[in-house]
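So you can see what is in the structure, the chains are spelled out below.
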Amino acid sequence: MAATDFKDYYAILGLNKTASSDEIKKTFRKLARKYHPDMNPGNKEAEARFKEVNEAYEVLSDPEKRKKYDQYGQYWKQAATTPGGWPGGGSTNVDFGGVDFSEYGSFDEFINALLGRAGSSPGSARNAKWNYSNYRSTSGGPTGFGGFEDFAGYENRSAGSSLDTEVAISLTLGEAFRGTSKRVATGEVSIPAGVKTGSKIRIKGKGQVDPYTKQQGDLYLKLEVLPHAFFQFEGENLVCEVPITPDEAVLGASMEVPAPEGRITVKVPAGIRSGQSLRLRGKGWPKPKKNERTDLLVKIAIVPPKEISSVERECYEKIKANRTFNPRSNLNQMVL
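Keep in mind that what you see is a predicted model, and the values were worked out from it rather than measured.

Participant: How would you summarise the side chain of Asn237 if you had to cite specific residues and measurements?
Facilitator: Tracing the chain through its elements places Asn237 in strand β9 (residues 237-244). Looking at Asn237, the relative accessible area reads 16%, which means it is buried. Within polar-contact distance, the side chain of Asn237 engages the backbone nitrogen of Asp295 at 2.9 Å. Setting aside residues up to four positions removed in sequence, Asn237 forms contacts with Gln232, Arg279, Thr294, Asp295 and Leu297.

Participant: Give me unusual backbone geometry: which residues, what numbers.
Facilitator: The bulk of non-glycine residues show a negative phi, and the bulk of peptide bonds are trans. Positioned with a positive phi, Lys214 is a non-glycine residue whose angle comes to about 65°. What makes Lys214 exposed here is its relative accessible area of 58%. A positive phi is found at Asn291, a non-glycine position, where the angle reads about 55°. Of note, Asn291 is situated in the loop between β13 (286-287) and β14 (292-293). Judged by its relative accessible area of 81%, Asn291 falls in the exposed class.

Participant: Report on the sheet that holds strand β12 (residues 277-280), specifying residues and quantitative values.
Facilitator: Strands sit in the order β8-β9-β15-β12 across an open sheet of four strands; the sheet is mixed. Single-partner strands in this sheet number two, and they are β8 (232-234) and β12. Averaged over all neighbouring strand pairs, the angle between strand axes comes to 35°, with direction disregarded.

Participant: Break down the packing of helix α3 (residues 44-60) against helix α4 (residues 63-72) for me, with residues and values.
Facilitator: Contact geometry for α3 and α4: axes closest at 6 Å, N-to-C directions at 100°. If you check the angle between α3 and α4, you find them roughly perpendicular. When α3 is examined against α4, the residues Glu58, Val59 and Leu60 are found in contact with a partner set consisting of Lys65, Arg66 and Tyr69. In the contact of α3 with α4, the residues fall into three nonpolar, no polar and three charged.

Participant: A description of the nonpolar core should follow, citing residues and the corresponding values.
Facilitator: If you look at the biggest cluster of nonpolar residues, it comprises 36 residues, and the most contacted ones within it are Ile169, Ile191, Leu221, Leu223, Leu296 and Val298. Split by domain, this core shows at least three residues from each of two domains, domain 2 (165-225) and domain 3 (231-322). Grouped together as the second largest cluster of nonpolar side chains are 21 residues, Tyr9, Ile12, Tyr69 and Leu226 included.

Participant: Account for the sheet that holds strand β6 (residues 200-203), naming residues and giving values.
Facilitator: Across the sheet, three strands lie side by side as β3-β7-β6; this open sheet has mixed pairing. Sheet topology places β3 (165-171) and β6 at the edges, where each strand pairs with a single neighbour. Pairs of neighbouring strands in the sheet enclose a mean axial angle of 25°, with direction left out of account.

Participant: Give a description of the pairing of strand β11 (residues 262-268) that names residues and reports values.
Facilitator: Here strand β10 (residues 253-259) runs beside β11; their pairing, made up of seven bridges, is antiparallel. Each bridged residue has a counterpart across the sheet, and for Ala259 the counterpart in β11 is Gly262. The turn linking β10 back onto β11 is made up of two residues.

Participant: Provide a residue-level description of the packing of aromatic side chains, including the pertinent values.
Facilitator: Summed over the entire model, instances satisfying the criterion amount to six aromatic pairs. Between Tyr10 and Tyr69, the aromatic rings sit 6.0 Å apart at their centres with planes inclined by 45°, giving tilted as the arrangement. Residue Tyr10 is found in helix α1 (residues 9-13), and its partner Tyr69 is found in helix α4; the two are separated by 59 residues along the sequence. No difference in accessibility class separates Tyr10 from Tyr69, as the two residues are buried. Here the aromatic rings of Phe233 and Trp285 are separated by 5.0 Å at their centres, their planes lie at 80°, and the arrangement is edge-to-face. Residue Phe233 is located in strand β8, and its partner Trp285 is located in the loop between β12 and β13; the two are separated by 52 residues in the primary sequence.

Participant: Pulling in residues and values, what's your account of the confidence of the model for the chain?
Facilitator: Of all residues in the chain, 74% have pLDDT values of 70 or greater, and the mean over the chain is 78. The least confident element of the chain, judged by mean pLDDT, is strand β2 (residues 136-137) at 36; the most confident is strand β15 (residues 296-302) at 97. Considering only residues more than four positions removed or in separate chains, one finds that residues 80-99, a stretch of pLDDT under 50, has 48 contacts. Confidence over residues 118-159 falls short of pLDDT 50; this stretch has 88 contacts with residues more than four positions distant or in other chains.

Rules behind the numbers
Residues numbered from 1 in each chain as written. Predicted model: local features only at pLDDT ≥ 70, side-chain atom pairs only at ≥ 80, totals over all residues. Heavy atoms only, no water. Helix = DSSP H or I, 4+ residues; strand = E, 2+ residues; numbered from the N terminus. Buried < 20%, exposed > 50% of the residue type's maximum accessible area, 1.4 Å probe, protein only. Polar contact = N/O pair within 3.5 Å; in protein donor to acceptor, adjacent residues only side chain to side chain. Contact = heavy atoms within 4.5 Å. Pairing = 2+ DSSP bridges. Axes fitted to C-alpha atoms, helices over the stretch in contact; angles between N-to-C directions. Parallel < 35°, antiparallel > 145°, perpendicular 65-115°, else oblique. Nonpolar A, V, L, I, M, F, W, Y, C, P; charged D, E, K, R; others polar. Core = buried A, V, L, I, M, F, W, Y, C linked by side-chain atoms within 4.5 Å. Domains from an automatic or database assignment. Phe/Tyr/Trp six-rings, centres within 6.5 Å; stacked < 30°, edge-to-face > 60°. pLDDT = per-residue confidence, 0-100.

Next comes the structure, spelled out in structure tokens:
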């Protein structure tokens, strides 16, 4: 990553380096909801900010990525996980096009020398070229590094360390409901319909590659479904709240309500109370690999109007004067 491409992930989230993981998660959810495409239809600027916020959270929510990011800044992707934390690992048998890394105690020292910073070692790195196309190892290692960015793929693993990789991916509720594909470092990956927050997907043979044995680990996708403005989860089912008027509650009604696949007609029985739910079977969340759906629970909220016309007021007064039902009649005996 060039210095001009560097993104301050802390600034994107409006946090500082001392932010806790809980603060990062809380801030991310707030910003993700604010800039979510569903909340800002057609707003390209909000969409761009949404992607930036997701990118920042993907790095800062991962302890290992955050550690590298804090340590190496704009060069965090190039910093391999070798002993010492910098390309070459102090080996004297590696030739990087005239740059002898054995002169430097750390990757930071190399960068300081490269940029002519104070305190750097007076080695050859100050005049080093960024193109290491002649990389070669006397131990018969890989050849043909095309540029400084390629250090992100170079890793001297300690014996017994894992080649598996875990990537955190955030999905909108619509993406999780329908299934989608996402681009990660190893390419395009498919995510099936019906995943939920906490779901993990294993993709065989898409993890890190050992440059010497050519063995490749597995890629694990750790998924998070972002909050939605209307639908929430209640156990396995989806739930939403729909307001109705007092007359609809008394007389019953037929109305259209949003469902994941579009609007559907629902019949509200007469006499329904606020807080009761209508169960729409098979209209909820997909069950992966079962070709089934859970239920959609429509919670009813009776909402009285804040302002009424003179005609409405007259009708309500008439109802009040002729009403025979008293919902508080049983309270007369509730005394100590």
